[in-house]
Amino acid sequence: MDDKVFINKAFNDGIKLYLDNKDKLESLEYNSFLCCVIRILVLIYDESSIINYYNTLDEDHFNTLMIKYGFSVSDYSEFVNNFGKYYHFLKKQENKAIKKKNKYFNLVQKSLIDMLVKRNSTEKLNETVINEIYDLLFTANSKDFYRKSVALVQAYNPYEIDDYFKKQNLLVG
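Computed from a predicted model, the values in this text were never measured in an experiment. (Residues numbered from 1 in each chain as written. Predicted model: local features only at pLDDT ≥ 70, side-chain atom pairs only at ≥ 80, totals over all residues. Heavy atoms only, no water.)

Trainee: Help me understand the packing of aromatic side chains in this model?
Mentor: For any pair of aromatic rings, the description consists of the separation of the ring centres together with the inter-plane angle of the planes. Throughout the structure, instances matching the rule amount to 15 aromatic pairs. Consider the rings of Y18 and Y30, whose centres lie 6.3 Å apart with planes at 25 degrees: the pair is stacked. On the criterion of sequence distance, the pair formed by Y18 in helix α1 (residues 9-21) and Y30 in the loop between α1 and α2 (33-44) is long-range, its members being twelve residues apart. Taken as a pair, Y18 and Y30 share a single burial class, namely buried. A network of ring pairs unites the aromatic residues F6, F11, Y54, F62, F79 and F83 as a single cluster. Above the plane of the ring of F138 lies R147, whose end atom (NZ or CZ) is 5.7 Å from the centre. (Phe/Tyr/Trp six-rings, centres within 6.5 Å; stacked < 30°, edge-to-face > 60°. Helix = DSSP H or I, 4+ residues; strand = E, 2+ residues; numbered from the N terminus. Buried < 20%, exposed > 50% of the residue type's maximum accessible area, 1.4 Å probe, protein only. Lys NZ or Arg CZ within 6 Å of the ring centre and 35° of its normal.)

Below you can see the structure in the form of structure tokens.
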């Protein structure tokens, strides 16, 4: 399995992080951006399908799952590319003392919100799941100190995702 990359390095490493740290809820790895992207996908779609497609390297069915609720093929392709570019940029910055902003950081999160909107308009998610997804987003308004810090370091506009999510009228109360 290690020699084959599922979708791209971002997905592959994100799903691996998710699987390796699922029982370590407070770990940095489980709360990393890569892993949180996968955690959001699991909430929007279906954990068992995602993990099964990953384990069997079934990219075709995974791709079909991602567009199941009306997310367009071109939007999905853009999401995959942006997630890959986010990952590549992150790896390039890893050992640098001064980190640059990652322009793909908010683009990836916007795609996730768009997927959530499509899912919710096709098949309603309960309020708890929507709030859970909101809490997994990396914004300057995050209740989680780590997510807030990462947003401030990586996003050009750390408030953009919070504003974007709220404009979708997904939150109740």
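Trainee: So what exactly am I meant to see when it comes to the nonpolar core here?
Mentor: One broad rule of soluble globular proteins: the nonpolar side chains tend to lie buried together. Counting residues in hydrophobic clusters, the biggest one holds 55 residues, and the most contacted among them are L41, I50 and F79. The element that contributes the greatest number of residues to this core is α2, accounting for eleven residues. Among residues more than four places away in sequence, those in contact with I50 are I15, L41, V42, Y45, F62, L65 and M66. (Core = buried A, V, L, I, M, F, W, Y, C linked by side-chain atoms within 4.5 Å. Contact = heavy atoms within 4.5 Å.)

Trainee: What's the story with the packing of α2 against helix α6 (residues 105-122) in this structure? I'm lost.
Mentor: Think of two packed helices as two axes; the pair is described by the angle between the axes and how far apart they sit. Between α2 and α6, the shortest axis-to-axis distance is 10 Å and the interhelical angle comes to 10 degrees. With respect to their mutual orientation, α2 and α6 come out roughly parallel. Listed contacts from α6 to F33, V37, I40, L41, L43 and I44 of α2 are F105, V108, Q109, L112, M115, L116 and R119. Residue composition of the contact of α2 with α6, grouped by class: eleven nonpolar, one polar and one charged. (Axes fitted to C-alpha atoms, helices over the stretch in contact; angles between N-to-C directions. Parallel < 35°, antiparallel > 145°, perpendicular 65-115°, else oblique. Nonpolar A, V, L, I, M, F, W, Y, C, P; charged D, E, K, R; others polar.)

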